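Residues per chain, in single letters:
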Amino acid sequence: SKYKAAGLERIWGWPRDSGIRPCPVYLRHCVLAVSKPGVVPAARDSFLDETFLADRVTTVRQYLDEHPEVMATPPPESLASRYSG
């Protein structure tokens, strides 16, 4: 509501029906980061269950369940050391 009060209908400018999906390499990187030892399980679950795609309906966990290939998507060679967990 505070965003709407400032005249913003959406944060990133993508409408719900845009069809935009997360970059597989970056999403994998984020999931690996919250899955590292020492990360509180509640933090990982929060990321997976409370982060939504641009459609504002699909959670990251739901998206990964529907697109398991995301977690098998290797980063480009130039980013392998940075994006490999």
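Not measured: the values here are computed from a predicted model. (Residues numbered from 1 in each chain as written. Predicted model: local features only at pLDDT ≥ 70, side-chain atom pairs only at ≥ 80, totals over all residues. Heavy atoms only, no water.)

1. A closer look at the pattern of salt bridges
Taken as a whole, this structure holds 2 salt bridges when the rule is applied. Here arginine 61 ties to aspartate 45 by a salt bridge, and the two come within 3.0 Å at their closest N and O atoms. Taken together, the residues span a long stretch of sequence, with arginine 61 in helix H4 (residues 60–66) and aspartate 45 in helix H3 (residues 41–50) at a distance of 16 residues. Using a relative accessible area of 34% as the deciding quantity, one classes aspartate 45 as partly exposed. Aspartate 49 serves as the salt-bridge partner of arginine 61, at 2.6 Å between the closest nitrogen and oxygen. With a gap of 12 residues between them, arginine 61 in helix H4 and aspartate 49 in helix H3 connect regions that are remote in the sequence. A single network of salt bridges, built from pairs that share partners, joins Asp45, Asp49 and Arg61. (Salt bridge = Lys/Arg side-chain N within 4 Å of Asp/Glu carboxyl O. Helix = DSSP H or I, 4+ residues; strand = E, 2+ residues; numbered from the N terminus. Buried < 20%, exposed > 50% of the residue type's maximum accessible area, 1.4 Å probe, protein only.)

2. What to know about the layout of surface pockets
In this structure, the largest pocket encloses a volume near 630 Å³. Considering the residues around the largest pocket, the lining is formed by 20 residues, among which Trp12, Thr51, Phe52, Leu53 and Ala54 are closest to the centre. With 3 residues, the top contributor of residues to the lining of the largest pocket is helix H2 (residues 24–34). Its residues assigned to classes, the lining of the largest pocket comprises 14 nonpolar, 2 polar and 4 charged. (1 Å grid on protein atoms, 1.4 Å probe; cavity = no way out; pocket = protein on both sides within 12 Å on 5 of 7 lines; lining within 4 Å. Points joined across faces, edges and corners; volume = space filled by probe spheres on them. Nonpolar A, V, L, I, M, F, W, Y, C, P; charged D, E, K, R; others polar.)

3. Digging into the nonpolar core
Counting residues in hydrophobic clusters, the biggest one holds 11 residues: Leu27, Cys30, Val31, Val34, Phe47, Leu48, Leu53, Val60, Tyr63, Leu64 and Val70. Listing elements by their share of this core, those giving two or more residues are H2, H3 and H4. Take this core: its biggest share by element is 4 residues, from H2. In this structure, leucine 64 is in contact with Leu27, Val31, Leu48, Val70 and Met71, ignoring residues within four places of it in sequence. (Core = buried A, V, L, I, M, F, W, Y, C linked by side-chain atoms within 4.5 Å. Contact = heavy atoms within 4.5 Å.)

4. Quick word on the confidence of the model for the protein chain
Within the protein chain, residue pLDDT values average 89, and 92% of them lie at 70 or more. Mean pLDDT across the secondary structure elements of the protein chain bottoms out at helix H1 (residues 2–5), with 76, and peaks at H4, with 98. (pLDDT = per-residue confidence, 0-100.)

5. Let's talk about unusual backbone geometry
Residues other than glycine seldom take positive phi values, yet arginine 56 does so here, at roughly 65°. In this structure, arginine 56 sits in the loop between H3 and H4.

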